[in-house]
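This is what each chain is made of:
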Amino acid sequence: MAMELYRNLNRDSGVHSYELGDNQIVVKFNDRATYTYTQQSIGLTNLLKMKELATAGRGLNSYINKTPSVKKALRKPFCELTYVTAVQLAQA
């Protein structure tokens, strides 16, 4: 599945694009940092809300910044995890 551009209806979001999965949402910010939020890391309620905001094109960045359980769940950027996996595969 490809990243979808975030509509940014308020024209002030730090979110660039997103990708929805069954149990996750991947969010790419304008600074190119990409984070994966999973049901396990932020809970089902937060995950469903983030998916709703992403498809609506409004409020996702604010929700991430104002919801403590989501903000603290920020993990290593997804691109770093992908890079490590690619390196490991190349060495196999």
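Just so it is clear, the model here is predicted, and its values are computed rather than measured. (Residues numbered from 1 in each chain as written. Predicted model: local features only at pLDDT ≥ 70, side-chain atom pairs only at ≥ 80, totals over all residues. Heavy atoms only, no water.)

1. Some details on the sheet that holds strand β4 (residues 34-38)
Here is step 1: In space, the four strands of this open sheet follow the order β1-β2-β3-β4, with antiparallel pairing throughout. Whereas interior strands pair on both sides, the edge strands pair on one side only; in this sheet they are β1 (4-5) and β4.
Here is step 2: Pairing geometry for β1 and strand β2 (residues 15-21), over two bridges, is antiparallel. Residue glutamate 4 lies in a different strand from β2, and its bridge partner there is tyrosine 18.
Here is step 3: Together, β2, β3 (24-29) and β4 form the strand contacts of helix α2 (residues 44-56), whose direction differs from that of β3 by roughly 50°. (Pairing = 2+ DSSP bridges. Helix = DSSP H or I, 4+ residues; strand = E, 2+ residues; numbered from the N terminus. Contact = heavy atoms within 4.5 Å. Axes fitted to C-alpha atoms, helices over the stretch in contact; angles between N-to-C directions.)

2. Some thoughts on the nonpolar core
Here is step 1: Membership of the largest hydrophobic core comes to 19 residues, with the highest contact counts inside it found for Ile25, Val27, Tyr37, Met50, Leu60 and Ile64.
Here is step 2: Ranked by residues supplied to this core, first place goes to α2 with four residues. (Core = buried A, V, L, I, M, F, W, Y, C linked by side-chain atoms within 4.5 Å. Buried < 20%, exposed > 50% of the residue type's maximum accessible area, 1.4 Å probe, protein only.)

3. Considering the packing of aromatic side chains
Here is step 1: Applying the stated criterion across every chain yields a total of one aromatic pair.
Here is step 2: Relative to tyrosine 35, the ring of phenylalanine 29 has its centre 5.8 Å away and its plane inclined at 70°; by these criteria the two rings are edge-to-face. (Phe/Tyr/Trp six-rings, centres within 6.5 Å; stacked < 30°, edge-to-face > 60°.)

4. Considerations on unusual backbone geometry
Here is step 1: Positive phi values are uncommon outside glycine, yet arginine 11 reaches one of about 60°.
Here is step 2: Tracing the backbone through its elements, the reader meets arginine 11 in the loop between β1 and β2.
Here is step 3: Residue arginine 11 is classed as exposed on the basis of its relative accessible area of 75%.
Here is step 4: For arginine 32, which is not a glycine, the phi torsion comes out positive at approximately 75°.
Here is step 5: Residue position: arginine 32 is located in the loop between β3 and β4.

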